[in-house]
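As a plain string of letters, each chain reads:
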Amino acid sequence: MGENGRVSLSAVDFLGLAEQRKVARIDLNGIGYDGVIYVRDLTAGEQSRITSGGKSGKARFYNDKSYEMDLAALTDEAGPKFLMAAMVTDTRGGEILERAFAAEPDAAYITFPASELVQMSEEWIRSAGNVRKAEERLGQLGSIILNEVVRVVKMLSGMAKDAVEEKKDDS
C-alpha cells in the first residue's frame, strides 16, 4: 500500500478483479412485495449483449466516456435477459450473502467472490425447461420489480448517471 493509502495493482491483480462481483440486496417490501433478492453488477460483455439490439439503437455518449440509453429503446427481451444476468444467490440459498450484509448494515453493496455466487437463472431454466420459457415467465413479472432491479444494477455497474453531475451540465 502506498503512502496515500492506495494499492497499486499488478497486471495479474487487475485481471483478478474479474473474479469479484459487487452485490446489492433489494428489499422488495419497499415496492409492495415480500422478500429480499440479490443482484450483482454486469460484466462488460453482459452489458453489451443486453443493451445491443435496441429498437432505435440510440444512445447518448458523454465526454467522461459514460453513456445513457433509454430502456424503452431496448428489445422486449432485454428485461428478462437483465434479470437472468443480474439476479444471484449464494451456495447456501442467500445465507452467506445475508451474513455479509448483516456485518455491514449501511453498505449499499458488498464485494463478493464470483465463484461463490449462483445465478438464479440456472434454477429458472431447470424449472421452466429451457431459456426461452424461463425468459417468458420473467416477462410476466410486474414492471416495478424489473425497474428496481435495473436501477440498482445500473448503479452497481457504473451505468447510472450522477444526478448532481447532470444538474451541473444543464446549468
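Above this text is the structure in question.
In this text the structure is predicted, and so the values were computed from the model without any measurement. All residue numbers refer to position in the chain's written sequence, counted from 1. Reporting in this predicted model follows two pLDDT cut-offs: at least 70 for local features of residues, and 80 or more for side-chain atom pairs to be given and counted; totals over whole chains, interfaces and linings ignore these cut-offs and use all residues. Values shown for side chains rest on all heavy atoms present in the structure; no hydrogens or waters enter the calculation.

**Focus: the overall build of the protein**
Part 1: Helices and strands together make up the secondary structure of the protein, namely eight helices and seven strands.
Part 2: Each residue is placed in one exposure class: buried if its accessible area under a 1.4 Å probe, protein chains only, is under 20% of its type's maximum, exposed if it is over 50%, and partly exposed if it falls in between. Residues classed as buried in the protein amount to 30% of the 171 residues present.
Part 3: Across the protein, contacts joining residues at least 24 apart in sequence account for 65% of those joining residues at least 6 apart.
Part 4: Surface exposure here means Shrake-Rupley accessible area, sampled with a 1.4 Å probe, where a residue is shielded only by the protein chains that are shown. Just so you have it, the protein exposes about 11,300 Å², and 51% of that area is on carbon and sulfur atoms. Numbering of helices and strands runs from the N terminus; a helix is a DSSP stretch of H or I covering at least four residues, while a strand is a stretch of E covering at least two. Whether two residues touch is decided by their heavy atoms; if any such pair falls within 4.5 Å, the residues are in contact.

**Considerations on the sheet that holds strand β7 (residues 117-119)**
Part 1: Here, any two strands with at least 2 DSSP bridges between them count as paired. Read from one edge to the other, the open sheet built from five strands follows the order β6-β1-β2-β5-β7, with strand pairing classed as antiparallel. Each having just a single partner strand, β6 (110-113) and β7 make up the two edges of the open sheet. Each strand axis lies, on average, 50 degrees off the axis of its neighbour in the sheet, ignoring direction. Each axis is a line fitted through C-alpha atoms, and for a helix only the stretch in contact is used; angles between axes span 0 to 180 degrees, taken between their N-to-C directions.

**Observations regarding the packing of aromatic side chains**
Part 1: In this analysis, rings of Phe, Tyr and Trp, with Trp reduced to its six-membered ring, are considered paired at centre separations within 6.5 Å, and the interplanar angle assigns stacked below 30 degrees, edge-to-face beyond 60, and tilted for intermediate values. Applying the stated criterion across every chain yields a total of one aromatic pair.
Part 2: Ring plane angle 25 degrees and centroid distance 6.1 Å describe the contact between Tyr 38 and Phe 101, whose orientation is recorded as stacked. Separated by 63 residues along the polypeptide, Tyr 38 in strand β2 (residues 36-40) and Phe 101 in helix α4 (residues 95-103) bring together distant segments of the chain.
Part 3: A residue is classified by how much of its surface remains accessible, and Tyr 38, at 7% relative accessible area, is buried.
Part 4: Of note, Lys 22 hangs over the ring of Tyr 109, and the distance from its end group to the ring centre comes to 5.0 Å. Counting as a charge over the ring demands two things of the Lys NZ or Arg CZ atom: a distance within 6 Å of the ring centre and an angle within 35 degrees of the ring normal.

**Thoughts on helix α2 (residues 44-51)**
Part 1: Inspection of α2 places Glu 46, Gln 47, Ile 50 and Thr 51 among the buried residues, and these make up the whole buried set. All buried residues of α2 lie within an arc of 115 degrees about the axis, which places them on one face of the element. Away from the buried face of α2 by more than 90 degrees, exposed residues Ala 44 and Arg 49 are located. By construction, the arc corresponds to the directions joining the helix axis to the C-beta atoms.

**Brief notes about the packing of helix α3 (residues 78-86) against helix α7 (residues 143-156)**
Part 1: The contact between α3 and α7 brings their axes to 10 Å, and the two run at 55 degrees. Judged by the inter-axis angle, α3 sits oblique to α7. Judged by the twist between their axes, the crossing of α3 over α7 is left-handed. From α3, Gly 79, Phe 82, Leu 83 and Ala 86 reach across to α7, where they touch Leu 146, Val 149, Val 150 and Val 153. For classification purposes, angles smaller than 35 degrees are called roughly parallel, those larger than 145 roughly antiparallel, those between 65 and 115 roughly perpendicular, and all remaining angles oblique. Each crossing gets its handedness from the near helix: less than a right angle anticlockwise from the far helix is left-handed, clockwise is right-handed.

**Overview of α3**
Part 1: Taken across its nine residues, α3 has eight buried, putting it largely inside the fold.
Part 2: Along α3, the residues that are buried comprise Ala 78, Gly 79, Pro 80, Phe 82, Leu 83, Met 84, Ala 85 and Ala 86.

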